[in-house]
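# Structure assessment
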Amino acid sequence: MGINCTSEEMSRTVDKNDAGWMNCAVELANRSIALGEVPVGAVLVLAGEIVGEGWNQPISHSDPTAHAELIAIRDAALTLQNYRLVDTTLYVTIEPCTMCAGALVHARIARLVFGAREPRAGAIVSSARVLDNPGLNHRIEVTEGICEAACSDLLSDFFKHKRA
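Keep in mind it's a predicted model, so treat the numbers as computed, not measured. (Residues numbered from 1 in each chain as written. Predicted model: local features only at pLDDT ≥ 70, side-chain atom pairs only at ≥ 80, totals over all residues. Heavy atoms only, no water.)

### Concerning the side chain of Ser32
We count it as follows: In this description a helix means any DSSP run of H or I spanning at least four residues, a strand means any run of E spanning at least two, and both kinds are numbered starting from the N terminus. The rule is simple: take the accessible area with a 1.4 Å probe, protein chains only, and divide by the maximum for that residue type; under 20% is buried, over 50% is exposed, in between is partly exposed. Counted as a polar contact is a pair of N or O atoms within 3.5 Å, where, for protein atoms, one must be capable of donating a hydrogen and the other of accepting one, and residues adjacent in sequence contribute only when both atoms are in side chains.
Mapped onto the secondary structure, Ser32 falls in helix H2 (residues 16-34). The exposure class of Ser32 is buried, given its relative accessible area of 0%. Looking at Ser32, its side chain comes within polar contact range of the main-chain oxygen of Val40, at 3.4 Å.

### Topic: the sheet that holds strand S5 (residues 141-144)
Convention followed: Paired strands are those between which DSSP finds at least two bridges. Axis geometry follows a simple rule: fit a line to the C-alpha atoms, using only the stretch in contact for helices, then measure angles between N-to-C directions, giving values from 0 to 180 degrees. In this analysis, two residues are considered to be in contact whenever any of their non-hydrogen atoms come within 4.5 Å of each other.
Across the sheet, which stays open at both edges, the five strands sit in the order S2-S1-S3-S4-S5 with mixed pairing between neighbours. Taken across any chain shown, the strands that pair with only one partner, and hence form the sheet edges, are strand S2 (49-55) and S5. Direction aside, neighbouring strands of the sheet carry axes that sit 15° apart on average. Bridge count for strand S4 (residues 111-116) against S5 is four bridges, and the pairing is parallel. By the bridge assignment, Arg111 is partnered in S5 with Glu141. In the packing of helix H3 (residues 68-80) onto the sheet, contacts are made with strand S1 (41-46), S2 and strand S3 (89-94), and the angle to S2 comes to roughly 140°.

### Structural notes on the pairing of S3
Burial analysis of S3 places six of its six residues in the buried class, which makes it a mostly covered element. Here S3 pairs with S4 via five bridges, running parallel. Bridging from a neighbouring strand, Thr89 pairs with Arg111 of S4.

### A look at the layout of surface pockets
Think of a ball as big as a water molecule: rolled over the atoms, this probe shows where empty space is left. We apply this condition: Lining residues are defined by having an atom within 4 Å of a point belonging to a cavity or pocket. Those points lie on a 1 Å grid over the protein atoms alone, cavities being sets where a 1.4 Å probe fits but cannot get out and pockets being open sets with protein on both sides within 12 Å along at least five of seven lines. Grid points are joined across faces, edges and corners, and a volume is the space filled by probe spheres set on the points. When residue character is reported, Ala, Val, Leu, Ile, Met, Phe, Trp, Tyr, Cys and Pro are called nonpolar, Asp, Glu, Lys and Arg charged, and the others, Gly included, polar.
Reported here for the largest pocket is a volume of approximately 420 Å³. Lining the largest pocket are 18 residues; nearest its centre among them are Val38, Val40, Ile94, Glu118 and Ala121. A breakdown of the residues in the lining of the largest pocket according to their chemical character gives ten nonpolar, three polar and five charged.

Encoded structure:
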């Protein structure tokens, strides 16, 4: 399932680097498939370099918090030796859930870029809209729809194969 952003999708992105980083997240999502996990991948970027990466592993790790975003955040915190990930951008293939949205705030991530919406559990624009809470002490810039078709197809294909 080597799905990546198409050249058409890449040409529609505002920041040409966004599609490249999202392709990295898609490649990581493919690692989830090998584990029988829902394919979600995430990379955390600082000053043009990946400082953290993750892919879904809650089943294989027996850990309900082992979402791609949290693994990438933990990886970056270790890499940078700081629990504050100021000036970073998180690229993730699917809209983060409530747990992950909260972690983005606590980590002080500057920008979130995600590929496809998650209508039920997505907590950024689809349902809870966690980042819009006026009580939060940190604001995150959000860009959605980068390589949307590739990210959406990755999930759709996974569940088609799982049901077959």
